[in-house]
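Residue-level structure breakdown
Listed here are the chains, written in short residue letters.
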2 protein chains.
Amino acid sequence: MSDHADGTADQAASPTTTFSEQNVPLTAEQAANHAQKKPPSKQQARTLERREAVLKAAMSVFGAHGYNKGALVEVAQQAGMTHAGVLHHFGSKEGLLVAVLRYRDGEAVDGVQGMPQVVGPAFLSHLLDTVELNTQQRGVVQTYAVLSAESVTEGHPAQEYFRGRMVGLRAKLVEVIREVVGDGPSEKELNDAASALIAVMDGLQVQWLLDPDAVDMPGTVELVMNEIIERLASGHEAPSARVRATAVLDGRVDGGEH
Amino acid sequence: MSDHADGTADQAASPTTTFSEQNVPLTAEQAANHAQKKPPSKQQARTLERREAVLKAAMSVFGAHGYNKGALVEVAQQAGMTHAGVLHHFGSKEGLLVAVLRYRDGEAVDGVQGMPQVVGPAFLSHLLDTVELNTQQRGVVQTYAVLSAESVTEGHPAQEYFRGRMVGLRAKLVEVIREVVGDGPSEKELNDAASALIAVMDGLQVQWLLDPDAVDMPGTVELVMNEIIERLASGHEAPSARVRATAVLDGRVDGGEH
DNA sequence: TTTAACTTACTGACATGTAAGTAACTGTGC
DNA sequence: GCACAGTTACTTACATGTCAGTAAGTTAAA
């Protein structure tokens, strides 16, 4: 489970998109000003800009090294301040990580609404578009891949975030797939299909990071998505690969029937 | 890419299997003795036992915390010695990690042959069996999931190991799938299928670690494997999920045709 | 004058690796 | 069979480096 878009319209998927100030954690005063449509003061604008710089630097460092080995001094250097300055803004390293994840999600913060999300069958296209975009942003892909796997370790600050994000994404996919294929499949079949789709996207990312030239993420995800949707829509089960493999082994099948 | 069996016969997949001394790194003298079929001395037997204890402890600690945050003092405590004792045996923390990975693989070490590997179409069954076994060994699954994702970070000592292991596994799967489905599919189609299969297994592991009750690893892997093999064997492409989703969105399709 | 955005300096904790020392095992010579 | 030297498996103590977080101070904006 990494950066394969939970539905935020082109937000989570596209780091090249200019981030609006909405996505940078605001102080209560800033949020109040924003809610009242007051233009931010020069200092407030500067603060938002600096925080965004820190968040981007943190993404880069956590992607390159993971959370555990990603040092605040490195984040600070990339953001152009000292590590104590980073802590002034985010309170702690853990607070910084949480802010990075929320920032990437374009998640609602106090007083500011989150980005509108893609819903319905268009979400399948959105996923494919996200995978395509991901091939142009190795940094983001790596950040999510590393952080999501790290998050399963004991006491990792991002564990609840990733668990919640994954549960939410799977639930959303179940609804989307049902809408696309109809009411034929059981709840378990839909759930397994959603899990499989997420798994393919996540699993390909690590392969792609280790061997980019040999892995076609968009093509492979699309193929698997097509197969999964077609099987559910048609109501037919694919024959057992294990049985086929055994038949080939026994010489009863010459490997592929046309 | 985690512990989904690269073909070592029930070795990599089953930590409950009693490990023979073959899998514990031997000194040159021990290897020579073993090669000459000399019974090991009392001290040599004791050393192997202690090293194995350290390796198991290291797997546990690296699984629980990752390599970067997994401390030698923790490994030592679980193994019943001091961290300096661990370093006496393995030279360095990095050396310990490498030994853990080789130990898990049952890899050949000087003077000792590796375990025989599953080849041909039986490998597909072996994969399914491995996924089933993995549901009984959360620790091993977590260790590989965390280490494989960590390995994409800069300078990680296990990066070459996982890259090599993944490339080898994909190549092997390409041959196995070709043998099962025949010569119809192109090389790219076979490669994409192999990548997809590996991705599903790897991707499901992180989901399962975060939400074990909601994810059916064996059932989902089997379904996707069946679909992938059937599509390649039949030579037919599944219709586009994107097109179908758009049709549902436009009201031209009521969601699933039966 | 107050507040916020930093910086500098420091502290405590943690971690890896090394050196010196101890105890136990092994092999050899008598 | 025993003594002794050599080797190995550790332990203890230490050195060094890294890191996150805090306190006090400075500067600029409001």
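Structure report, in brief. (Residues numbered from 1 in each chain as written. Chains lettered and ligands numbered in written order. Predicted model: local features only at pLDDT ≥ 70, side-chain atom pairs only at ≥ 80, totals over all residues. Heavy atoms only, no water.)

1. Some remarks on the protein's contact with DNA strand D
In the vicinity of DNA strand D there are 20 residues, among which A:Leu72, A:His83, A:Lys93, B:Thr82 and B:His89 approach most closely. Restricting attention to atoms of DNA strand D within 4 Å of the protein, one finds that 71% of them are sugar or phosphate atoms. Only helix H2 (42-69) and helix H4 (83-90) of chain A together with helix H2 (42-69) and helix H4 (83-90) of chain B provide two or more residues apiece to the surface near DNA strand D. (Near = heavy atom within 4 Å. Helix = DSSP H or I, 4+ residues; strand = E, 2+ residues; numbered from the N terminus.)

2. Some words on the pattern of salt bridges
Evaluation of the coordinates by the stated rule reveals 26 salt bridges over all chains. Note that A:Arg231 and B:Glu227 form a salt bridge whose closest N and O atoms lie 1.8 Å from each other. With A:Arg231 in helix H10 (residues 217-234) and B:Glu227 in helix H10 (residues 217-234), the pair connects residues from two separate chains. Relative accessible area serves as the criterion here: at 5%, B:Glu227 is assigned to the buried category. Members of the salt-bridge network, linked through shared partners, are A:Glu175, A:Arg178 and A:Glu187. (Salt bridge = Lys/Arg side-chain N within 4 Å of Asp/Glu carboxyl O. Buried < 20%, exposed > 50% of the residue type's maximum accessible area, 1.4 Å probe, protein only.)

3. Focus on the relation of the copies chain A and chain B
In this arrangement, two copies of a chain are superimposed by a rotation about an axis accompanied by a shift along the axis. In screw terms, the move from chain A to chain B is a rotation of 180° and a rise of 0.0 Å along the axis, fitting with an RMSD of 0.1 Å. Accordingly, the operation relating the two chain copies is best matched by a two-fold axis. Of the residues that chain A buries at the interface, 100% are likewise interface residues in chain B, meaning the two copies contact each other through the same surface. (Least-squares fit on C-alpha atoms with pLDDT ≥ 70 in both. Contact = heavy atoms within 4.5 Å.)

4. Quick look at the environment of A:Ala84
If you trace the backbone, A:Ala84 turns up in helix H4. Along the chain, A:Ala84 and A:Val73 lie 11 residues apart, while their C-alpha atoms are 8.6 Å from each other.

5. Digging into helix H11 (residues 241-250) of chain A
All of the buried residues in H11(A) are A:Ala241, A:Arg244, A:Ala245, A:Ala247 and A:Val248. The buried residues of H11(A) occupy an angular sector of 160° when projected down its axis, which confines them to one face. Residues of H11(A) that are buried sit in contact with helix H6 (122-134), helix H8 (159-181) and H10 of chain B. Of the residues that open H11(A), the one with a side-chain oxygen 3.3 Å from the backbone nitrogen of A:Arg242 is A:Ser240. (Arc of directions from axis to C-beta. Polar contact = N/O pair within 3.5 Å; in protein donor to acceptor, adjacent residues only side chain to side chain.)

6. Remarks on the packing of aromatic side chains
Residue and element names in this part refer to chain A. A full pass over the atoms with the stated rule returns 6 aromatic pairs over all chains. The interplanar angle of 85° and the centroid separation of 5.0 Å between the aromatic rings of Tyr-161 and Phe-162 together place this pair among those described as edge-to-face. The burial state of Tyr-161 is the same as that of Phe-162; both residues are buried. Pairwise contacts between aromatic rings join Tyr-144, Tyr-161 and Phe-162 into one cluster. (Phe/Tyr/Trp six-rings, centres within 6.5 Å; stacked < 30°, edge-to-face > 60°.)

7. Notes on the protein's contact with DNA strand C
The environment of DNA strand C is made up of 20 residues, and the closest members are A:Thr47, A:Thr82, A:His89, B:Leu72 and B:Lys93. Of all DNA strand C atoms lying within 4 Å of any protein atom, the proportion belonging to sugar or phosphate reaches 69%. At a separation of 3.1 Å, a phosphate oxygen of DNA strand C approaches a polar backbone atom of B:Gln43. B:Leu72 has a polar backbone atom sitting 2.9 Å from a phosphate oxygen of DNA strand C. Of all the elements, H4(A) adds the most residues to the surface near DNA strand C, at 4 residues. Tallied by class, the residues present in the surface near DNA strand C amount to 6 nonpolar, 11 polar and 3 charged. (Nonpolar A, V, L, I, M, F, W, Y, C, P; charged D, E, K, R; others polar.)

8. Digging into the packing of helix H8 (residues 159-181) of chain A against helix H9 (residues 187-210) of chain A
Residue and element names in this part refer to chain A. At a closest axis distance of 9 Å, the pairing of H8 and H9 adopts a crossing angle of 115°. Here H8 and H9 pass one another in a crossing that is right-handed. Contact residues: H8 offers Leu-169, Arg-170, Leu-173, Val-174, Ile-177, Arg-178 and Val-181, while H9 offers Glu-187, Leu-190, Asn-191, Ala-193, Ala-194, Ser-195, Leu-197 and Ile-198. Per-class residue counts for the contact of H8 with H9 are 10 nonpolar, 2 polar and 3 charged. (Axes fitted to C-alpha atoms, helices over the stretch in contact; angles between N-to-C directions. Left-handed = near helix turned anticlockwise from the far one by under 90°.)

9. Let's talk about the interface of chain A and chain B
Often, the extent of an interface is quoted as the loss of accessible area on bringing the components together. Counting residues at the interface gives 77 residues for chain A, matched by 77 residues for chain B. Where chain A abuts chain B, roughly 6500 Å² becomes buried across the two surfaces, and 60% of that area is made up of carbon and sulfur atoms. Along the contact surface separating chain A from chain B lie 10 salt bridges. Linking chain A with chain B are 24 residue pairs in polar contact (both at pLDDT 80 or more), by the criterion used here. For the side of chain A that touches chain B, the elements supplying multiple residues, two or more each, are H2, helix H6 (122-134), helix H7 (138-150), H8, H9, H10 and H11 of chain A. Take the side of chain A that touches chain B: its biggest share by element is 15 residues, from H9(A). Looking at the side of chain A that touches chain B residue by residue, the class counts come to 37 nonpolar, 23 polar and 17 charged. (Buried area = accessible area lost by both parts, 1.4 Å probe.)

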